[in-house]
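As a plain string of letters, each chain reads:
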Amino acid sequence: MAASGRTPAEVTELAARFGTPLYLYDGDVLTAQFRGLRDRLDPAIDIYYSLKANPNVSVCGLLHTLGAKAEVSSLTELRTALTARVAPQDILFLGPGKSREEIVECLTQGVRAIICESFGELELIDDVARDLGTTAKVVLRVNPSFTVKGSGLTMGGKPRQFGIDEAQLLADPTLASRFGAVALMGVQAYMGTRILTEETIVENTRRIFDLAERVAAFLGFDLELVDVGGGLGVAYFERERDLDVEVLTETLNPVIAAFAAAHPGTSLAMELGRYLVATCGTYVTRVRFVKESMDERFAVADGGTNHHMAAVGIGSFVKRNFPMRLVNRVSLAENVPWNVTGPLCTPNDTIGKAVALPEDLVPGDLVAVDRSGAYGVTASPVHFLSHGYPAEVLLHGDEALLVRRRDRVEDLLGPQVFHDLSAEVSRPEPASPVSL
Ligand SMILES: *Cc1c(COP(=O)(O)O)cnc(C)c1O
């Protein structure tokens, strides 16, 4: 499992320069990961970057420069993509609980499509579009009747809050005409995340293409866009292996080409988060204290699950460790099991359990967690104990660019309002007889 492209000496220098805890994103690794897929994948399908995986505006910007479009799920993610110079017509907006404000913004900015997840949302989109005197372009997110095994977390083919059940759509022949300010123009389905078998992705794609044809034919609209989801994984743990991009594209491209040939006017989309950004990221912490408790070794570091909840094992009950290593020096000491923990006052703040690290680990050592570019700080309880965001640095060629400074106390305390209630809180009355 390859670590990011930087040498331990470079990582050590960057940790000294920017402080720890720190996220490093290696732009060269990101570029290679994107191009490795893009250059082999049938050009008929566009790659949309799911900002959810890593919403840093410069990471999004670099992916956009490489040719990725954007898929966003909140007002801030939408603004992030626009700030990163993604054109509105290259943005899809998705999410099960969209607000009126978000829909207004989608329509006024002119995003490519809103991916609609419920009948209630369709009504709201129709209402907003009517108010604005426009027509909303809407892609239906379908919860298919089928499920395909092989993802880490199944998102479709089960009772879910996402999308509209295929069976409900196929029982509603007047849907397309009921909402006068909505133009149905596509179908999306997302089957699950962390998929590491090529056949599963090919099978998902084939079935989503069939689903799109079925739904569009039944409801009677033209397929302007089909979004086949994605969910491509990367290996984190022992006995996992990375997708073989050659094998994947050799088997996937004929499926894409066949659909594209049958539907020449239809744009095709694949949404990718984790696959694009996971491998480029390294989370760097510095050991503050080492201690023993009941025969186990603990390295207490300056950052933990508050920045890297995913390291706890991505929802699995069996604790498995992300790839971790000592970076600031070469140790000849034997590797022994260390629990790597953070600054939170909870035993759950353990980013590595019984990780093999040198026996002579000391305060000041740097421990790096590799493959941490996706669902890192963004999916962590970053405000727990009010430590806030760590610094984020994007490495681009010879440059190390600070792309987010670490939170300061003011950043965390600033939005709070102190109401001094001392004058209003009545002092306890001296005990006196109760009179009625
Ligand atoms: C989270 C999500 C993605 C990105 O998933 P990855 O597994 O990170 O690629 C794409 N589409 C939808 C609908 C999602 O919810």
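Because the structure is a prediction, the values reported are computed rather than measured.

Asks: Sorry if this is basic, but what is going on with unusual backbone geometry here?
Replies: Trans is the prevailing form of peptide bonds, just as negative phi is the prevailing case for residues other than glycine. Residue Thr20 is joined to Pro21 through a cis peptide bond whose omega torsion reads -5°. One can find Pro21 in the loop between α1 (8-18) and β1 (22-26). The residue Asp295 is not glycine, and still its phi comes out positive at about 70°. Take Asp295: it is sitting in the loop between β13 (281-293) and β14 (296-301). In the Ramachandran plot, Arg371 falls in the positive-phi region, its phi being about 60° despite a non-glycine side chain. As for its placement among the helices and strands, Arg371 is situated in the loop between β18 (366-369) and β19 (391-396).

Asks: Any chance you could explain helix α9 (residues 198-219) here in plain terms?
Replies: Counting along an α-helix, one turn takes 3.6 residues, and residues three or four places apart therefore face a common direction. Given a rise of 1.5 Å per residue, 22 residues ought to cover 32 Å, and the 32 Å separating the end C-alpha atoms of α9 matches this to within 8%. Backbone geometry just downstream of α9 places Gly220 in the positive-phi region, at approximately 75°.

Asks: Looking at this structure, how should I read the site of the ligand?
Replies: By nearness alone, 14 residues border the ligand, and Lys52, Thr193, Glu271, Arg274 and Tyr375 come closest of all. In the environment of the ligand, an oxygen atom lies 2.8 Å from a nitrogen or oxygen atom belonging to the side chain of Tyr190. At a separation of 2.3 Å, a nitrogen atom of the ligand approaches a polar side-chain atom of Glu271. In the complex, the protein chains occlude 95% of the 390 Å² of accessible area that the ligand would expose alone. Considering only residue class, the shell around the ligand consists of 4 nonpolar, 5 polar and 5 charged.

Asks: Teacher, can you tell me more about the packing of aromatic side chains here?
Replies: How two aromatic rings sit relative to each other is set out by the distance from centre to centre and by the angle between their planes. Tallied over the full model, the rule gives 6 aromatic pairs. Residues Tyr23 and Tyr25 carry aromatic rings whose centres are separated by 6.0 Å and whose planes lie at 25° to one another, so their mutual orientation is stacked. Taking the relative accessible area as the measure of exposure, Tyr23 reaches 0% and is therefore buried. Residue Tyr25 is classed as buried on the basis of its relative accessible area of 2%. Through pairs of rings, three or more aromatic residues link up here, namely Tyr23, Tyr25 and Tyr283. Directly above the ring of Trp338 sits Arg297, whose terminal nitrogen or CZ lies 6.0 Å from the centroid. In this structure, Arg404 is placed above the aromatic ring of Tyr389, and the distance from its NZ or CZ to the ring centre is 3.5 Å.

What counts and how
Residues numbered from 1 in each chain as written. Predicted model: local features only at pLDDT ≥ 70, side-chain atom pairs only at ≥ 80, totals over all residues. Heavy atoms only, no water. Helix = DSSP H or I, 4+ residues; strand = E, 2+ residues; numbered from the N terminus. Expected span 1.5 Å × (residues − 1). Near = heavy atom within 4 Å. Polar contact = N/O pair within 3.5 Å; in protein donor to acceptor, adjacent residues only side chain to side chain. Areas by Shrake-Rupley, 256 points an atom, 1.4 Å probe, with all protein chains shown as cover. Nonpolar A, V, L, I, M, F, W, Y, C, P; charged D, E, K, R; others polar. Phe/Tyr/Trp six-rings, centres within 6.5 Å; stacked < 30°, edge-to-face > 60°. Buried < 20%, exposed > 50% of the residue type's maximum accessible area, 1.4 Å probe, protein only. Lys NZ or Arg CZ within 6 Å of the ring centre and 35° of its normal.

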